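Descriptive analysis of the structure
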Amino acid sequence: MHLPNVLQARFVQALEPLTDSPSDYAGMIRPAADPKFGDYQSNAAMPLAKRVGKTSRDVAAELVQNLNVTDLFEEPEVAGPGFINLRLKDSVLFDSIQQMLLDERVGVSKTTDPKKVIVDFSSPNVAKPMHVGHIRSTVIGDCLARTLRFYGEDVLTDNHLGDWGTQFGIIIYGYRNFGDPAKVAANPVPELSALYRLTNQLIEYQKAKQSVATMADKLSAAKSDAETAKEASDQAESDEDLKPKDKKKLRKNAEAATRRVAAIEADIKSLKAKIDAVDSDAELSKLASEHSDVDLAVLRETAKLHEGDAENLALWKEFLPHCQDEINRIYDRLNVQFDYTLGESFYHDRLAGVVEHLTSLGLTTKSDGAICVFLEGFDSPMIIQKRDGAFLYATTDLATLQYRRDEFHPDEILYVVDSRQGEHFKKFFAMAEPLGMGEVQLVHVNFGTVLGPDGRPMKTRSGSLIGLESLLDDAVSRAKDVVCNPDRLATMDPPMDGEEQQQIAEIVGIGAIKYADLSHHRTSDYKFDVDKMVALEGNTATYVQYSYARTQSILRRASDGEGLPAFEQVIEQAAATQPMTFTHPNERSLALMLMRFEEAIEQVRLNYAPNALCDYLFETAKTYSSFNESCRVLGNDDPSVMQTRLALVTLTGRVLKKGLSVLGIDVAERM
RNA sequence: GCGCCCAUAGCUCAGCUGGAUAGAGCAACGGACUUCUAAUCCGUAGGUCGGUGGUUCGAAUCCACCUGGGCGUGCCA
């Protein structure tokens with residue numbers, strides 16, 4: 001049962017005698033600010049009082065008079081300026097626990113009007129190795145797809161792969177010039193990625209040589225800025241008249257300036273490293289001088305591919321599946337699946353048609369040789385065809401939208417893409433209307449940048465990036481250190497064999513990374529700190545997983561060899577037939593938390609905000625830990641107390657497991 | 001120049017679309033293991049929510065301006 005929604009309906013009735021627009025006020029239901037105020041509160045009386053010219057306490061009293069909630073709540077109380085405090089009857093909590101126990105959906109209602117929703121997420125460039133930057137779209141998109149599915153929406157996930165760009169020009173060039181067909185045939189994935197790396201290295205080398213000179217000036221300018229800021233900060237530090245707040249501000253300025261210097265230094269360092277790596281290697285230097293026009297040559301290979309050159313097309317067809325294998329290995333490990341993987345290449349032959357169509361609608365303008373669409377309210381146009389005739393990602397996006405409309409007839413499309421592409425999506429969405437797609441709801445589910453531990457953005461262009469796979473390995477191996485802590489292993493009965501240990505490490509390690517991403521608000525930038533996310537304490541997946549494992553541990557003991565599924569049926573039956581009772585406040589708090597599961601899921605859906613569910617699961621796990629500490633389940637003399645507690649433990653386990661699964665995170669039966 | 005986002009405890013972050021005394025996790029300090037997993041729990045300390053005005057019965061939240069930070073900004077995606 002979704003209590004705020006129920007209450008809202010009841011308040012509409014109570015408000016009707018007082019106002020013409022009850023719905024403006026009925027929704028002002030919040031969980032109580034403090035347990036002493038009850039479980040929920042309505043704030044409707046205060047704003048309404050002004051409108052009707054009464055005191056807010058009088059209005060509150062009147063609302064209470066009109067309100068019919070005695071089936072669910074104790075007598076409502078008016079407090080403070082006119083808050084209406086509502087406390088659930090224990091019997092309602094008991095009923096709710098029972099109902100949730102008997103429900104596969106643990107009480108979360110299903111939509112009666114399913115919409116077709118396409119979730120477009122992940123979209124990496126194949127052939128390039130995946131790195132940390134790819135994690136957000138993948139993990140958030142997967143979570144949203146799971147959430148909507150859980151609600152009963154008709155969800156369709158699509159991975160819009162970058163499988164048609166320059167990266168294939170790079171591989172083709174590398175294969176032509178440095179490749180050994182026999183080796184590639186025998187061992188395609190590592191060979192192709194080695195060829196990509198080699199060719200890319202030569203390109204980066206040329207680029208680095210060009211840009212390294214101009215960096216010195218930027219550096220010295222930044223350095224002098226940083227020095228000035230540092231001096232100001234130091235001076236302020238010893239100034240006793242200055243407020244701590246101002247000191248902090250100056251300190252932060254100095255830090256930001258220092259960070260900028262560090263960023264430029266890091267860029268220079270990485271440029272020099274790229275140059276040195278080639279210069280110090282006789283063979284590479286030779287290749288570099290022989291292939292000094294490699295950047296242009298790669299573009300030529302790409303252009304040939306796009307023009308339909310038979311040989312390049314054949315190579316592309318040969319290489320693509322191997323590149324996909326590489327990416328799929330990571331998806332398997334992350335347990336992420338797609339209904340469709342329609343990459344850029346799929347839309348290639350539709351692009352010219354898009355331009356023609358827009359032109360026939362009179363929307364395009366030729367400007368500096370490029371075909372543009374100028375949109376009202378935007379300074380810059382959307383360019384759909386370059387001067388050289390090539391198409392751009394805007395063109396592909398339009399073609400994709402048309403295809404999806406014709407093929408899938410979606411009600412809504414979610415684009416889970418970096419905030420930095422916000423302007424592109426604004427333009428893109430603005431074009432949906434003239435293209436006759438105004439009825440499809442298009443949403444840019446944007447997300448913030450992933451920052452390094454030093455606080456600067458992890459950008460694709462700069463420095464060496466942490467490969468996604470090595471990051472997963474790292475998290476899993478650290479999780480294993482903890483899982484296989486000998487002191488803990490010694491307490492396991494039956495003992496944990498190596499296979500189980502490895503399984504748990506995988507579940508914990510991968511869960512840690514996903515949770516770290518999902519628990520931050522989607523739109524904020526966040527600092528990616530491997531140490532912290534696998535720290536296995538605080539607000540982490542591990543804490544929640546551990547709480548789940550503890551519920552299962554108690555149930556295993558309680559079942560006494562009977563087998564868990566059978567035993568859980570016994571608990572369900574008992575909950576349905578025998579009276580429950582609360583004897584400790586932590587029991588009631590836990591019951592209330594469990595009942596709010598639907599509210600948390602709803603938040604994810606309404607705001608596309610997985611962090612709401614993370615917060616809920618963490619709170620629930622904490623509440624369970626406190627319960628666990630204060631309320632012994634087994635060996636309790638009073639059968640009704642034990643029954644109630646077993647029901648709570650069982651339901652906690654199910655809610656945590658279901659909640660984590662909506663996040664795309666697995667659980668272990670013991671840890 | 002223009003546009004978008006951000007500024008909350010020492011650090012990392014929440015704050016449910018305007019509500020009661022601003023929260024959590026780390027880090028710090030003090031307690032709790034003969035009992036269902038101490039990967040835990042209980043407690044203490046830590047804040048002028050960047051600043052100034054405004055709207056409101058009521059503002060971290062909405063508006064304006066200011067300061068500082070980040071990102072984007074016509075032929076990459």
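Residues numbered from 1 in each chain as written. Chains lettered and ligands numbered in written order. Predicted model: local features only at pLDDT ≥ 70, side-chain atom pairs only at ≥ 80, totals over all residues.

As annotated in an unreviewed UniProt entry, chain A carries the name Arginine--tRNA ligase and comes from Rhodopirellula europaea 6C. Its UniProt record gives chain A a comment under Subcellular location (unreviewed entry), which states: "Cytoplasm". According to the UniProt record, the Catalytic activity (unreviewed entry) comment for chain A is "tRNA(Arg) + L-arginine + ATP = L-arginyl-tRNA(Arg) + AMP + diphosphate". (UniProt positions renumbered as here; feature names shortened; annotations may be inferred.)

Turning our eyes to something else, we now look at the overall build of chain A. Within chain A, the regular secondary structure consists of 26 helices and 13 strands. Pairs at least 24 residues apart make up 74% of the contacts formed inside chain A by residues separated by at least 6 positions. (Helix = DSSP H or I, 4+ residues; strand = E, 2+ residues; numbered from the N terminus. Contact = placed C-beta atoms within 7 Å.)

Another aspect to go through is the UniProt feature "domain: DALR anticodon binding" (unreviewed entry) in chain A. Residues given the UniProt feature "domain: DALR anticodon binding" (unreviewed entry) here are residues 544-671. The straight-line gap between the two end C-alpha atoms of residues 544-671 is 11 Å; of that span, 77% is helix and 0% is strand.

Let us look at helix 14 (residues 351-360). For helix 14, the set of buried residues is L351, V354 and L358. One face of helix 14 carries all of its buried residues, which in axial projection span an arc of 50°. Facing away from the buried side of helix 14 by more than 90 degrees, the exposed set consists of E356 and S360. As for helix 14, its buried residues are in contact with strand 7 (364-367), strand 8 (370-373), strand 9 (382-385) and helix 15 (393-408). (Buried ≥ 20, exposed ≤ 12 C-beta atoms within 10 Å, placed from the backbone. Arc of directions from axis to C-beta.)

Moving on to the pairing of strand 11 (residues 441-447). Here strand 10 (residues 412-418) runs beside strand 11; their pairing, made up of seven bridges, is parallel. Among the inter-strand pairings, E412 is bridged to a residue of strand 11, identified as Q441. Read from strand 10 through helix 16 (residues 422-430) to strand 11, the crossover connection turns out right-handed. (Pairing = 2+ DSSP bridges. Right-handed = clockwise from strand over helix to strand, strands pointing away.)

Our focus in this paragraph is the sheet that holds strand 5 (residues 116-120). Here we have four strands laid out as an open sheet, ordered 6-5-10-11, and parallel in their pairing. Each edge of the open sheet is held by one strand with a lone partner, namely strand 6 (154-158) and strand 11. Taking each pair of neighbouring strands and ignoring which way they run, the sheet shows an average axis angle of 20°. Sheet topology note: the strand 5/strand 6 ladder contains five bridges and is parallel. Bridge assignment links V117 to a residue of strand 6, and that residue is V155. (Axes fitted to C-alpha atoms, helices over the stretch in contact; angles between N-to-C directions.)

At the junction of D493 and P494, the peptide bond is cis and its omega measures out at 0° in the coordinates. Residue position: P494 is located in the loop between helix 18 (486-489) and helix 19 (498-518). Its identity as a non-glycine residue notwithstanding, N335 has a phi of 55°, on the positive side. Within the fold, N335 resides in the loop between helix 13 (310-334) and helix 14. At H409, a residue that is not glycine, the phi angle is positive and equals roughly 50°. Tracing the sequence through the fold places H409 in the loop between helix 15 and strand 10. The exposed category is assigned to H409, around which 10 C-beta atoms lie within 10 Å.

We now examine the domain arrangement of chain A. Annotation of chain A at the domain level lists domain 1 (3-88), domain 2 (167-308) and domain 3 (468-663). A C-alpha centroid distance of 60 Å is found between domain 1 and domain 2. (Domains from an automatic or database assignment.)

Before going further, it helps to examine the packing of helix 6 (residues 135-151) against helix 24 (residues 597-607). Relative orientation of the contacting elements helix 6 and helix 24 amounts to 120°, with a least axis distance of 10 Å. With respect to helix 24, the element helix 6 is oriented oblique. Considering how the two elements wind past one another, helix 6 and helix 24 form a crossing that is left-handed. Along its contact with helix 6, which presents T147, L148, F150 and Y151, the element helix 24 presents I601, V604 and R605. Per-class residue counts for the contact of helix 6 with helix 24 are five nonpolar, one polar and one charged. (Parallel < 35°, antiparallel > 145°, perpendicular 65-115°, else oblique. Left-handed = near helix turned anticlockwise from the far one by under 90°. Nonpolar A, V, L, I, M, F, W, Y, C, P; charged D, E, K, R; others polar.)

On the UniProt side, "short sequence motif: 'HIGH' region" (unreviewed entry) is annotated at positions that read residues 124-134 here. Between the first and last C-alpha atoms of residues 124-134 the distance is 7 Å; the span itself is 0% helix and 0% strand.

Now for the protein's contact with RNA strand B. By nearness alone, 78 residues border RNA strand B, and S367, D368, K386, H521 and G538 come closest of all. A per-class count over the surface near RNA strand B returns 31 nonpolar, 26 polar and 21 charged. (Near = placed C-beta within 6 Å.)

Further remarks concern the pairing of strand 10. For strand 10, the buried fraction is high: five of the seven residues fall into the buried class. Direction of pairing for strand 5 relative to strand 10: parallel, over a ladder of four bridges. By the bridge assignment for strand 10, V117 is matched with E412.

Residues of chain A with pLDDT of at least 70 account for 99%, and the chain-wide mean is 91. Of all secondary-structure elements in chain A, the lowest mean pLDDT belongs to helix 20 (residues 530-533), at 79, while strand 6 reaches the highest, 98. In the predicted structure, residues 459-463 sits below a pLDDT of 50 and forms seven contacts with residues beyond four places in sequence or in another chain. Predicted complex metrics record ipTM = 0.96 and pTM = 0.94. (pLDDT = per-residue confidence, 0-100.)

Two pairing modes exist for strands in a sheet, parallel and antiparallel, and in both the strands are linked by backbone hydrogen bonds. One open sheet accounts for three strands, arranged 7-8-9; its pairing is antiparallel. Edge positions in the sheet fall to strand 7 and strand 9, since each of these pairs with one other strand and no more. Within the sheet, the average angular offset between the axes of one strand and its neighbour, ignoring direction, is 40°.

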